[in-house]
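# Structural features, examined
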Amino acid sequence: MDSDEDKQARANAIAQQFIQAIPHARALQMSVSEVGAGRAVIEMPYDTRLIGDPQTGVIHGGAVSTLMDTCGGAAVMAHPSGPRATATLDLRIDYMRAAAPGMRIIAEATCYHITRSVAFVRAAARQEDGTQVAAATGAFTVEGLA
């Protein structure tokens, strides 16, 4: 029987492999900062290549949505039921405010319910000072449960 530490290490490795397999995640320089049972936290640094409005320096909303989508998928992959694969079925994002220029954005997602074929996720994106910039709910496919 695996220890909690072994399970945590395996979940972290799976989440890291998951984001490294996604070209967008690599291009956005995402990194996993925490992962646990059905939960993931992924960070994205501020990058001038991602500016959506040159006058304000604000990061494009598409980059924020990609971060939240990726974090949601990582939370599904870290679920204790051990899915082997996932894909986004539906993702609703509510943007509350633009992220302040120069600040990294941190997404946190929780897979709060899972069936044989669908996982349900809630996520939030905050800038590094803790100010929430977006919230999301989503449904993801689930394949190959353990």
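So, here is what we can say about the structure in this document.

## Points about the environment of T66
Relative to the helices and strands, T66 is located in helix α3 (residues 61–77). For T66 and L28, which are 38 residues apart along the polypeptide, the C-alpha to C-alpha distance reads 8.8 Å. What T66 contacts, discounting residues up to four positions off in sequence, is H24, L28 and M30. Of note is the side chain of T66, whose polar atom sits 2.9 Å from the backbone oxygen of G62.

## Remarks on the pattern of salt bridges
Scanning the model with the defined rule gives 6 salt bridges in all. The partner of E43 in a salt bridge is R104, with the nearest N and O atoms 2.7 Å apart. A residue pair is termed long-range when its members are at least 10 positions apart, and E43 in strand β2 (residues 39–44) and R104 in the loop between β5 (88–95) and β6 (105–114) qualify at 61 residues. Note on R104: relative accessible area 30%, which makes it partly exposed. With its nearest N and O atoms 2.7 Å apart, the salt bridge here joins D47 to R49. With relative accessibility at 13%, the residue D47 sits in the buried group. Members of the salt-bridge network, linked through shared partners, are E34, R39 and E108.

## Focus on α3
Between its first and last C-alpha, α3 extends 24 Å over 17 residues, near the 24 Å set by a 1.5 Å rise per residue. Buried within α3 we find A63, V64, L67, M68, T70, C71, G72, G73, A74, A75, V76 and M77.

## Notes on the state of the cysteines
A complete count under the given rule lists 0 disulfides for this structure. Note on C71: no disulfide assigned, nearest cysteine sulfur contributed by C111 at a separation of 12 Å.

## Structural notes on the pairing of β2
Working note: regular strand, side chains alternate between the two faces of the sheet. Of all 6 residues in β2, 5 are buried, a share of seventy percent or more. Count of turn residues in the strand β1 (residues 31–36)/β2 antiparallel hairpin: 2 residues, of which G38 carries a positive phi of about 70°. Two strands pair when backbone bridges link them, and β2 and β6 are joined in this way by 6 bridges, in the antiparallel orientation. Counterpart to I42 in the pairing with β6 is A107.

## Brief notes about the sheet that holds β1
Judged by pairing direction, the sheet is antiparallel, and its 6 strands sit side by side in the order β1-β2-β6-β7-β8-β5 without closing on themselves. Pairing within the sheet leaves two strands with one partner each, and these edge strands are β1 and β5. Strand-to-strand twist of the sheet, defined as the mean angle between neighbouring strand axes without regard to direction, takes the value 15°. With 5 bridges joining them, β1 and β2 adopt antiparallel strand pairing. Residue pairing for β2: G36 is matched across the bridge by R39.

## Overview of the environment of D69
Checked against the element boundaries, D69 lands in helix α3. Placed 54 residues apart in sequence, D69 and A123 show a C-alpha to C-alpha distance of 8.6 Å. For D69, the contacting residues outside a window of four places in its chain are T88, L91 and F140.

Rules of the game
- Residues numbered from 1 in each chain as written.
- Predicted model: local features only at pLDDT ≥ 70, side-chain atom pairs only at ≥ 80, totals over all residues.
- Heavy atoms only, no water.
- Helix = DSSP H or I, 4+ residues; strand = E, 2+ residues; numbered from the N terminus.
- Contact = heavy atoms within 4.5 Å.
- Polar contact = N/O pair within 3.5 Å; in protein donor to acceptor, adjacent residues only side chain to side chain.
- Salt bridge = Lys/Arg side-chain N within 4 Å of Asp/Glu carboxyl O.
- Buried < 20%, exposed > 50% of the residue type's maximum accessible area, 1.4 Å probe, protein only.
- Expected span 1.5 Å × (residues − 1).
- Disulfide = S-S within 2.5 Å.
- Pairing = 2+ DSSP bridges.
- Axes fitted to C-alpha atoms, helices over the stretch in contact; angles between N-to-C directions.

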